Amino acid sequence: MSHKKTKGYYYYPSSSQHIQCSAIIIDEHIQLFDNGACPIVSSSKDACTLESPLPGIAAALCFADGGRFIPDDINFRWPFAHQKHGLAQRLEKNKLLIVASVVFTPILLWLILYRGIPAAAVYSIGLASPSTIEAMGEQSLHVIEKLALAPSELSSDKQAMIQKQWHVMLEQLQLDNEQFRLSFYQSDYFSANAFALPHGRVIVTDELVLLLQDKPDALRAILLHEIGHVEYQHGIRLASQATASTIVLAIIFGDLEGITEVVLGSSSSFLQQAFSRDMEREADKYAIEKLIALGYSNDDFADAIQALQNKLDEQAQLDESWLKYLSTHPSSQERIDFARQYTPQ
Ligand SMILES: [Zn+2]
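This report concerns the structure included in the present document. (Residues numbered from 1 in each chain as written. Predicted model: local features only at pLDDT ≥ 70, side-chain atom pairs only at ≥ 80, totals over all residues. Heavy atoms only, no water.)

**Considerations on the overall build of the protein**
Turning to step 1, where the next piece is worked out: A tally of helices and strands in the protein yields 12 helices and 11 strands.
Turning to step 2, where the next piece is worked out: Looking at the protein as a whole, 42% of its 345 residues qualify as buried.
Turning to step 3, where the next piece is worked out: Across the protein, contacts joining residues at least 24 apart in sequence account for 57% of those joining residues at least 6 apart.
Turning to step 4, where the next piece is worked out: Looking at the protein as shown, the accessible area adds up to about 18900 Å², and 56% of this sits on carbon and sulfur atoms. (Helix = DSSP H or I, 4+ residues; strand = E, 2+ residues; numbered from the N terminus. Buried < 20%, exposed > 50% of the residue type's maximum accessible area, 1.4 Å probe, protein only. Contact = heavy atoms within 4.5 Å. Areas by Shrake-Rupley, 256 points an atom, 1.4 Å probe, with all protein chains shown as cover.)

Shown next as structure tokens:
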């Protein structure tokens, strides 16, 4: 017959009220006595559960009615615990492991977020159907429209003229004119800007059209750069990375509600247009190659960026918000140099 005794506190069911008492464990049976040796609780071992021990606190014993007993002695071991928590406890007490986890957890997190997820995102693009991408893109447009876009104030003649150039260009490049759509909006938020949504809708602001109205080649170069982002699926990569990162962070930090905000999250990543420098270079290269294919030259791209830069510099002296297009792209000089030195393969 095994017999074990320990002192501790008994917490009444659903209450913070507690009393000091002693627990006596005889074989499979537990009995609690108050300081006057009157029995308070009596239970068989099978009707109780043992809480996982936290460092510095002994494992609490929970009774079927919700009452709990916590031993005073932090090293107290319940005879029927059978080393159940032995491994977790040993790990928690190992100082080297604690130091290692403090050092390696951020590294692991970084690897997951910046290496694992981008790699998985590239892979997952192949799994997304065109209708999913279309729905995701239009949903994003809907959100961005509400947040930052107003109906275009360009004349219908002006819009029709640019749309015609756009369609001629799509036909020459043998691109699907149902997938690639051009939309005009007025936007205080974006000012002179253009961006592509992942399904192939390219948004151009009135401000950009007006800024480049005497430079049709510049607008063409910008539009080709945006088509490049769609063709290389940069938007989808960005969105799936943002989505996967949100889910991973939500799981790690236990905020599963965050997942419901993922759709909004991917829309805001379009708002920020945080394409990587590699993605921007890829889109620039696409634009230059297509300009050459359409009978223009790589210098036209450089001239276009230079013209845009000059115009934006002028405007930026008056109003800082015009710098937004430049701030979301690599330096203009870098792009101009790249275009000038470009030799077709
Ligand atoms: Zn870009």
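Picking up where we left off.
**Quick look at the packing of helix α4 (residues 156-172) against helix α6 (residues 216-231)**
Turning to step 1, where the next piece is worked out: Orientation of α4 relative to α6, taken along the N-to-C sense of each, is 55°, at an axis distance of 12 Å. Put simply, α4 runs oblique to α6. The chirality of how α4 crosses α6 is right-handed. Residue-level inspection shows Ile162, Trp166, Met169 and Leu170 of α4 in contact with α6, the latter providing Leu219, Arg220, Leu223, Leu224 and Ile227. (Axes fitted to C-alpha atoms, helices over the stretch in contact; angles between N-to-C directions. Parallel < 35°, antiparallel > 145°, perpendicular 65-115°, else oblique. Left-handed = near helix turned anticlockwise from the far one by under 90°.)

**What about a nonpolar patch on the surface?**
Turning to step 1, where the next piece is worked out: There is a patch of nonpolar side chains on the surface, built from Ile98, Val99, Val102, Val103, Phe104, Ile107, Trp110 and Leu111 and spanning about 750 Å² of accessible area.
Turning to step 2, where the next piece is worked out: Within the element layout of this structure, Val102 appears in helix α2 (residues 95-125). (Patch = residues over 30% accessible without salt bridge, like charges linked within 9 Å, V, L, I, M, F, W, Y side chains within 5 Å. Salt bridge = Lys/Arg side-chain N within 4 Å of Asp/Glu carboxyl O.)

**Topic: the nonpolar core**
Turning to step 1, where the next piece is worked out: If you look at the biggest cluster of nonpolar residues, it comprises 41 residues, and the most contacted ones within it are Trp166, Val204, Leu208 and Ile227.
Turning to step 2, where the next piece is worked out: In terms of residues, this core owes the most to one element, α6, which gives 8 residues.
Turning to step 3, where the next piece is worked out: Once residues lying within four places of it in the same chain are set aside, the contact partners of Val204 are Leu182, Ser183, Phe184, Tyr185, Asn193, Ala194, Val209, Leu219 and Leu223.
Turning to step 4, where the next piece is worked out: In this structure, Ile30, Leu61, Trp78 and Ala81 belong to the second largest nonpolar core, which totals 17 residues. (Core = buried A, V, L, I, M, F, W, Y, C linked by side-chain atoms within 4.5 Å.)

**Considering the sheet that holds strand β5 (residues 49-50)**
Turning to step 1, where the next piece is worked out: A sheet is described by the order of its strands in space; here 7 strands give the open sequence β4-β3-β2-β1-β7-β6-β5, paired in antiparallel fashion. Of all the strands in the sheet, the pair left with one neighbour each is β4 (39-44) and β5.
Turning to step 2, where the next piece is worked out: Where strand β1 (residues 3-11) and strand β7 (residues 68-71) come together, 4 bridges link them in antiparallel fashion. Paired with Tyr9 across the two strands is Ile70, which belongs to β7. (Pairing = 2+ DSSP bridges.)

**Some remarks on the packing of aromatic side chains**
Turning to step 1, where the next piece is worked out: Tallied over the entire structure, the rule returns 8 aromatic pairs.
Turning to step 2, where the next piece is worked out: Aromatic pair Phe190 and Phe195: ring centres 4.7 Å apart, planes at 35°, arrangement tilted.
Turning to step 3, where the next piece is worked out: Classification of Phe195 as buried rests on a relative accessible area of 1%.
Turning to step 4, where the next piece is worked out: Site record: aromatic cluster; members linked through ring pairs are Tyr10, Tyr12 and Phe63. (Phe/Tyr/Trp six-rings, centres within 6.5 Å; stacked < 30°, edge-to-face > 60°.)

**Quick look at the pattern of salt bridges**
Turning to step 1, where the next piece is worked out: According to the stated counting rule, one finds 13 salt bridges in the structure shown.
Turning to step 2, where the next piece is worked out: A salt bridge links Glu28 to Lys45, with the nearest nitrogen and oxygen atoms 3.6 Å apart. With Glu28 in the loop between β2 (18-26) and β3 (29-34) and Lys45 in the loop between β4 and β5, this residue pair connects regions lying 17 residues apart in the sequence.
Turning to step 3, where the next piece is worked out: Residue classification places Glu28 among the partly exposed positions, given a relative accessible area of 48%.
Turning to step 4, where the next piece is worked out: Asp303 is the salt-bridge partner of Arg340, the closest N and O atoms lying 3.0 Å from each other. Of the two residues, Arg340 is situated in helix α12 (residues 332-340) and Asp303 in helix α10 (residues 298-318); the sequence distance between them amounts to 37 residues.

**Focus on the side chain of Asp284**
Turning to step 1, where the next piece is worked out: Along the chain, the position of Asp284 falls in helix α9 (residues 277-293).
Turning to step 2, where the next piece is worked out: For Asp284, a relative accessible area of 2% corresponds to the buried category.
Turning to step 3, where the next piece is worked out: Look past the residues within four positions of Asp284 in its chain and what remains in contact with it is His225, Phe301 and Arg335.

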